[in-house]
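For reference, the chains in residue letters:
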Amino acid sequence: MIQPLAYIHPQAKIADNVVIEPFVTIHKDVEIGEGTWIGSNSVIMDGARIGKNCRIFPGAVVSAPPQDLKYKGEPSTVTVGDNTVIRECVTLNRGTALDKNTTTIGSNCLLMAYVHVAHDCVIGDNVIVANSVQLAGHINVYDFAFIGGGSLVHQFVEIGAHCMISGGSLVRKDVPPYTKAGREPVSYIGINSVGLRRRGFTNEKIAEIQEIYRVIFLKKYNITKALDIIEAEFNPTIERDEIINFVQNSQRGIMKGFGNS
């Protein structure tokens, strides 16, 4: 159903059963999957690739040119996975040729009102980004992460899977998987045990993750020593190896334990 007061470029690719409300603007190089709903006054710009059964609320701007002075107008995209909800006044900027050339939002995500996702970000599946979160360029957010409202995330930061970041946080360092982050400067405040239980992690697995992070954040070791101890004393598991790989590959350095300088 396409309202007559909407503007849709004749070369845009609109699948079946898409609902486009009045005063929507859809540019030329756009693809929208079946069953998606586009709310009034939304703008879908060149390079948008929107999946199936998404819901885009009024005032959202999808695939605007990046706010990056190095961008010279090269073709690039924003990709939104299936079943993702983009609430009021969210802004998604497309990628740049100097990095990924695309900004990616996964499937089954919720981006609440006034969220900004800058160029070349990658957001995984089942991620929740609460109201007014601002993500700078080149950020990776892994599956099932939750970012609390009003948080500001520095460019090139990595936010691991199953993390929970407290509202109003200033995130300047990488946040390893399965953790909770809060306070100022953003610090380790435990593991996301509630979220892990909701996703089927056993008590034994949660205890294993907690013991690993005690070595990293609470034992006063430097990172190299902590990782050596973890590799020596903990049996290899998917979670152990994911934590080790994340910390070893961190470019900005991981957040500190609370009270550590």
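Up top is the structure.
None of the values given here were measured: they were computed from a predicted structure.

The next subject is the packing of helix 3 (residues 223-233) against helix 4 (residues 238-248). Helix-helix packing is characterised by the crossing angle of the two axes and by the distance between the axes. For the pair helix 3 and helix 4, interaxial distance at closest approach is 11 Å and the crossing angle is 160 degrees. Judged by the inter-axis angle, helix 3 sits roughly antiparallel to helix 4. The two elements helix 3 and helix 4 cross, and the hand of that crossing is left-handed. Along the contact surface, helix 3 presents Ile223, Leu227, Ile230 and Glu231, while helix 4 presents Arg240, Ile244, Val247 and Gln248.

For the rest of this paragraph, the subject is the sheet that holds strand 9 (residues 55-56). Within a sheet, neighbouring strands are paired by backbone hydrogen bonds and run either parallel or antiparallel to one another. Spatial strand order, 3-6-9-12-15-18-21-24-26-27-28: 11 strands in an open sheet with mixed pairing. The open sheet has two edge strands, strand 3 (19-20) and strand 28 (256-257), and neither has a second partner. Where helix 2 (residues 203-218) meets the sheet, it contacts strand 26 (179-182), strand 27 (187-191) and strand 28, and its direction lies at approximately 155 degrees from that of strand 27.

The subject of this paragraph is the state of the cysteines. Within this structure, the stated rule accounts for 0 disulfides. Left without a disulfide partner, Cys54 is nearest to the cysteine sulfur of Cys109, which lies 9.5 Å away. On the basis of relative accessible area, Cys54 is assigned to the buried category, the value being 1%. Among the residues examined, Cys109 registers a relative accessible area of 2% and is labelled buried.

Moving on, we come to the packing of aromatic side chains. Counted according to the given criterion, the structure contains 6 aromatic pairs. Seen from their ring centres, Trp37 and Phe57 are 5.2 Å apart, and the 75 degrees between their planes marks the pair as edge-to-face. Taken as a pair, Trp37 in strand 6 (residues 37-38) and Phe57 in the loop between strand 9 and strand 10 (61-64) lie far apart in primary sequence, 20 residues in all. Residue Trp37 shares its accessibility class with Phe57, and that shared class is buried. Between Tyr142 and Phe246, the aromatic rings sit 6.5 Å apart at their centres with planes inclined by 75 degrees, giving edge-to-face as the arrangement. Pair noted here: Tyr142 is in the loop between strand 20 (140-141) and strand 21 (146-147) and Phe246 is in helix 4, with a separation of 104 residues, a long-range link. Classification of Tyr142 as partly exposed rests on a relative accessible area of 36%.

When strand 24 (residues 164-165) meets strand 26, the two strands line up parallel, connected through 2 bridges. Considered in strand 26, the bridge of Met164 is made with Lys180. Sheet analysis places strand 26 next to strand 27, joined by 3 bridges and oriented antiparallel. Within the sheet, the bridge partner assigned to Gly182 lies in strand 27 and is Ser187. Adjacent in sequence and paired antiparallel, strand 26 and strand 27 are bridged by 4 residues, among which Arg183 carries a positive phi angle near 65 degrees.

So, on to helix 3. An α-helix turns once per 3.6 residues; consequently, residues spaced three or four apart project the same way. When helix 3 is considered as a whole, its buried residues turn out to be Ala226, Leu227, Ile229 and Ile230. Viewed end-on, helix 3 has its buried residues packed into an arc of 160 degrees, placing them on one side of the element. Along helix 3, the residues that are exposed and aim more than 90 degrees away from the buried face are Thr224 and Ala232. Where the residues of helix 3 are buried, they touch helix 2 and helix 4. One side-chain oxygen at the N-terminal end of helix 3 lies 3.2 Å from the backbone nitrogen of Thr224; it belongs to Asn222.

Looking now at the environment of Arg172. In this structure, Arg172 sits in the loop between strand 25 (170-171) and strand 26. Remark: the alpha-carbon pair of Arg172 and Ile254, spanning 82 residues in sequence, is separated by 9.0 Å. Contact partners of Arg172, with chain neighbours within four places excluded, come to His154, Val157, Glu184, Pro185, Val186 and Arg252.

Turning our eyes to something else, we now look at the packing of helix 2 against helix 4. Across the interface, helix 2 lies against helix 4 with an axial gap of 10 Å and an inter-helix angle of 30 degrees. With respect to each other, helix 2 and helix 4 are oriented roughly parallel. In this structure, helix 2 crosses over helix 4, and the sense of that crossing is right-handed. Contacts between helix 2 and helix 4 involve Lys205, Glu208, Ile209, Ile212, Tyr213 and Ile216 on the former and, on the latter, Glu239, Arg240, Ile243 and Val247. Class assignment for the residues of the contact of helix 2 with helix 4 results in 6 nonpolar, no polar and 4 charged.

Residues Leu92 and Ile216 are the most contacted members of the largest nonpolar core, which totals 68 residues. Elements with a minimum of two residues in this core: strand 8 (48-50), strand 11 (77-80), strand 27, helix 2, helix 3 and helix 4. Ranked by residue count, the leading element in this core is helix 2, at 7 residues.

Rules and cut-offs
- Residues numbered from 1 in each chain as written.
- Predicted model: local features only at pLDDT ≥ 70, side-chain atom pairs only at ≥ 80, totals over all residues.
- Heavy atoms only, no water.
- Axes fitted to C-alpha atoms, helices over the stretch in contact; angles between N-to-C directions.
- Helix = DSSP H or I, 4+ residues; strand = E, 2+ residues; numbered from the N terminus.
- Parallel < 35°, antiparallel > 145°, perpendicular 65-115°, else oblique.
- Left-handed = near helix turned anticlockwise from the far one by under 90°.
- Contact = heavy atoms within 4.5 Å.
- Pairing = 2+ DSSP bridges.
- Disulfide = S-S within 2.5 Å.
- Buried < 20%, exposed > 50% of the residue type's maximum accessible area, 1.4 Å probe, protein only.
- Phe/Tyr/Trp six-rings, centres within 6.5 Å; stacked < 30°, edge-to-face > 60°.
- Arc of directions from axis to C-beta.
- Polar contact = N/O pair within 3.5 Å; in protein donor to acceptor, adjacent residues only side chain to side chain.
- Nonpolar A, V, L, I, M, F, W, Y, C, P; charged D, E, K, R; others polar.
- Core = buried A, V, L, I, M, F, W, Y, C linked by side-chain atoms within 4.5 Å.

Any functional reading would require information that these geometric values do not contain.
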